[in-house]
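Secondary and tertiary structure notes
Below are the chains, spelled out letter by letter.
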There are 2 protein chains.
Amino acid sequence: MSGLTIGKVARETGVGIETIRFYERQGLIAEPARRPSGYRDYAPAIVERLHFILRAKDLGFSLKEIGELLSLRVDDGRTCDDVYSRVMAKRADMEQKIRHLERMKRALARMAAACKGAGPRGECPILEALKHEDEGEAGDWR
Amino acid sequence: MSGLTIGKVARETGVGIETIRFYERQGLIAEPARRPSGYRDYAPAIVERLHFILRAKDLGFSLKEIGELLSLRVDDGRTCDDVYSRVMAKRADMEQKIRHLERMKRALARMAAACKGAGPRGECPILEALKHEDEGEAGDWR
DNA sequence: CTTGACTCTGTACTGTACTACGGGGTGTAG
DNA sequence: CTACACCCCGTAGTACAGTACAGAGTCAAG
């Protein structure tokens, strides 16, 4: 019994047909089985994989990085420890991004509060707001 | 007395000279004063601004979005209400990015946990972990 | 068996964000 | 005064991530 055509996968995931083929060329998804006609014949698991790719992309990962995330399973020669450390590195990356976003968010909140009063009229209010935010935190951002 | 040349700014920020000129063309940084020779003459504040651009870029904002963040101020013709609502919109953007990053982080933590006990030789079911991550959490991510 | 939606491959094009010249002028240390 | 690093502008090329055809074959409903 056959699985999904590329069109069905596209409709179920919201990813364009051309894009799915593009991801295949980039090695992000495996080459699927083919029907006698040559049509691609996908297992349902492809949907999960494409959802993951979409989400990771939305978080600012490049396709190359996503490929790395997706290949974080133990290939021959790679130990589980290696995989573990790569996962933890990504996790630390995200924690830092979250911290920075929260700082920026607080800066925006400060601007909004200022707006209730006189309003932000400085050269660049967001930089001013971040400056106040910087107090007490070392400039550790890279 | 004169400020920084483009080369000094480049060295202090790690941003290439060509890139600084590019940002100027894109309107992310103001056209600086010029020396009689025509050389760009930057005030030290440019360094802060470039650091902000770098960080925002790292957080997944496009140059266009960064330009919007940097221009959040009340100037002629713009009301405080307008700025306020734009600030709140950016804040919501950031909150969404944070939520996505946190979900991703949890997924990675789960993957790491699955890896931990398996030892150097066995299976490391990363793709399984991804599958489980996708269910249960409402698919609200777009 | 025709018609229309669907799929195939391959190539070309788009937008974003740089990056790299080429051919000149500038500034300063020796 | 001459190297030599630095700067100017403009244009062109690169990498990434798609997106859009063209021309041909496939599948299923009527």
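Look a little higher up for the structure.
Scope of this entry: the structure provided in the associated data block. Remember, predicted model here, so these are calculated numbers, not experimental data. (Residues numbered from 1 in each chain as written. Chains lettered and ligands numbered in written order. Predicted model: local features only at pLDDT ≥ 70, side-chain atom pairs only at ≥ 80, totals over all residues. Heavy atoms only, no water.)

**Points about the protein's contact with DNA strand C**
Our working rule: We call a residue near a given molecule or strand whenever any one of its heavy atoms falls within 4 Å of it. Side-chain atoms alone can form a polar contact between residues adjacent in sequence; in general such a contact is a pair of N or O atoms within 3.5 Å, and within protein one must be able to donate a hydrogen while the other accepts it. Put simply, DSSP H or I for four residues or longer makes a helix, DSSP E for two residues or longer makes a strand, and each gets a number counted from the N terminus. Residue type decides the class: Asp, Glu, Lys and Arg count as charged, Ala, Val, Leu, Ile, Met, Phe, Trp, Tyr, Cys and Pro as nonpolar, and the leftover types, Gly among them, as polar.
Around DNA strand C lies a shell of 18 residues, among which G7(A), R21(A), R40(A), Y23(B) and Y39(B) are the nearest. For DNA strand C, the fraction of protein-proximal atoms (within 4 Å) that sit in sugar or phosphate groups is 76%. A distance of 3.0 Å separates a base oxygen of DNA strand C from a polar side-chain atom of Y39(A). In this structure, K57(B) approaches DNA strand C through a side-chain N or O atom, which is 3.4 Å from a phosphate oxygen. Of all elements in the fold, only α1 (6-13) and α2 (17-26) of chain A together with α2 (17-26) of chain B reach the threshold of two or more residues within the surface near DNA strand C. Top element by residues in the surface near DNA strand C is α2(B). It accounts for four residues. Residues belonging to the surface near DNA strand C are distributed by class as follows: seven nonpolar, six polar and five charged.

**What to know about the pattern of salt bridges**
Residues and elements named next belong to chain A. Inclusion rule: By definition, a salt bridge exists where a carboxyl oxygen of Asp or Glu is found within 4 Å of a side-chain nitrogen of Lys or Arg.
All told, the structure shown has 14 salt bridges over all chains when counted by the stated rule. Its salt-bridge partner being K90, residue E65 comes within 3.6 Å of it at the nearest N-O pair. Of this pair, E65 sits in helix α4 (residues 63-70) while K90 sits in helix α5 (residues 80-116), and the two are 25 residues apart along the sequence.

**Quick notes on the protein's contact with DNA strand D**
Looking at DNA strand D, there are 18 residues lining it, with Y39(A), T5(B), G7(B), R21(B) and R40(B) nearest. When atoms of DNA strand D within 4 Å of the protein are split into backbone and base, the sugar-phosphate part holds 79%. The side chain of R34(B) places a nitrogen or oxygen atom 3.0 Å from a phosphate oxygen of DNA strand D. A distance of 2.7 Å separates a phosphate oxygen of DNA strand D from a polar side-chain atom of R40(B). Elements that contribute at least two residues to the surface near DNA strand D include exactly α2 of chain A together with α1 (6-13) and α2 of chain B. Here the element with the most residues in the surface near DNA strand D is α2(A); it accounts for four residues. Of the residues in the surface near DNA strand D, the class split is seven nonpolar, six polar and five charged.

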